[in-house]
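# An overview of the molecular structure
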Amino acid sequence: MTQQSLAGKIALVTGASRGIGRAVALELGRLGATVIGTATSEAGAASISEGLEAAKVAGQGKVLNVTDAASVTDLLKAITEEYGAPLILVNNAGITKDNLMMRMKDEEWDAVIDTNLKSVYRTSKACLRGMTKARWGRIINISSVVATMGNLGQANYAASKAGVEGFTRSLAREVGSRNITVNSVAPGFIATDMTEVLPEAQKELLVKQIPLARLGQPEEIAAVVGFLATEPAAYITGETLHVNGGMNMR
Amino acid sequence: MSTIEERVKKIVAEQLGVKEGEIQNSSSFVEDLGADSLDTVELVMALEEEFETEIPDEEAEKITTVQEAMDYVTANQ
């Protein structure tokens, strides 16, 4: 693979201020793409801009609320005017609001489904026009091992991520004829702020279930996302790539 | 300045990958020009851009031939 295989391409990565999203933004930049990373706050967007600049990646951080359709439309308009249409979309923004089902609040259910699943609908729809016109596109959705394994206290999160995988397969069928591929990457337990909050005892228990006996690193997910964005992955679509240290072999 | 007919036919030709000479006013996008469902959606979007108008979904569904596209554009100029 050439070092700059994504040169000239505009990539949009949601939730790019930290964790997997940040690593993905840097990896796509390393591959030559101009990267727009989004965060929910100005501070987050500024931190993305700094990170990209430090890595000598073209692009910048932008504020985006993925649960707000107008916010998505406005951002797409701004990106298209300033840089051109994003042809690589990485739907990474996500939250957890864990609770046992019998205690789960409607707000916890709705917030997770809206941020993790409906957001993917909003951003993908907004980017598709540019992709169909270009007759080239890559949509890469970050799912989770929890989509297939389930996890107690995460019925909302698991439902949102399993939804993302179904969305991936349907959209892949719709737009395949336009040379647009749609895939998911399902990380296992990755060392990020999202898993940092887990109790130490639970983390130890988790690691015992992972053949590779450690949490994954964000860069190990970013490498797979980067691959899916490049030309050698052109014949992969509708697929979910599992990157979990062997904890959920299929 | 091209006529509406010329502009519509140019867009149809570009979008569906057919020669302008093969396009009749009576041509149906799907039956005569080989469009699939995604082609018809893209075609309507291209018409919206060319004529700087918004075509509501319920109107878009009724545009199935070149003539119908021309009629819509003429009526909504």
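Residues numbered from 1 in each chain as written. Chains lettered and ligands numbered in written order. Predicted model: local features only at pLDDT ≥ 70, side-chain atom pairs only at ≥ 80, totals over all residues. Heavy atoms only, no water.

To keep it simple, the criterion reads: UniProt positions are given in the numbering used here, feature names are shortened, and annotations may be inferred rather than shown by experiment.
Per an unreviewed UniProt entry, chain A goes by the name 3-oxoacyl-[acyl-carrier-protein] reductase and belongs to Marinospirillum insulare. UniProt lists a comment for chain A under the heading Subunit (unreviewed entry), and it reads "Homotetramer." The UniProt entry for chain A carries the following comment under Pathway (unreviewed entry): "Lipid metabolism; fatty acid biosynthesis."

### Some thoughts on the pattern of salt bridges
Put simply, the rule is: One side-chain nitrogen of Lys or Arg within 4 Å of one carboxyl oxygen of Asp or Glu is enough to make a salt bridge. To qualify as a helix, a DSSP run of H or I must reach at least 4 residues; to qualify as a strand, a run of E must reach at least 2; elements of each kind are numbered from the N terminus. Note on exposure labels: buried denotes an accessible area under 20% of the residue type's maximum, exposed denotes more than 50%, and partly exposed covers the range between, all computed with a 1.4 Å probe on protein chains only.
Counting across every chain of the model gives 19 salt bridges over all chains. Between Asp193 of chain A and Arg18 of chain A there is a salt bridge; the shortest N-O distance is 2.9 Å. Of this pair, Asp193 of chain A sits in helix α7 (residues 193-196) while Arg18 of chain A is found in the loop between β1 (10-13) and α1 (19-30), placing the two residues 175 residues apart along the sequence. Judged by its relative accessible area of 43%, Asp193 of chain A falls in the partly exposed class. With relative accessibility at 52%, the residue Arg18 of chain A sits in the exposed group. In this structure, Glu196 of chain A engages Lys203 of chain A in a salt bridge whose closest nitrogen and oxygen atoms are separated by 3.8 Å. Classification of Glu196 of chain A by relative accessible area gives exposed; the value is 54%. The class of Lys203 of chain A is buried, set by a relative accessible area of 12%. Look at the salt bridges and you will find they share partners, linking Arg135 and Arg178 of chain A together with Asp36, Asp39 and Glu42 of chain B into a network.

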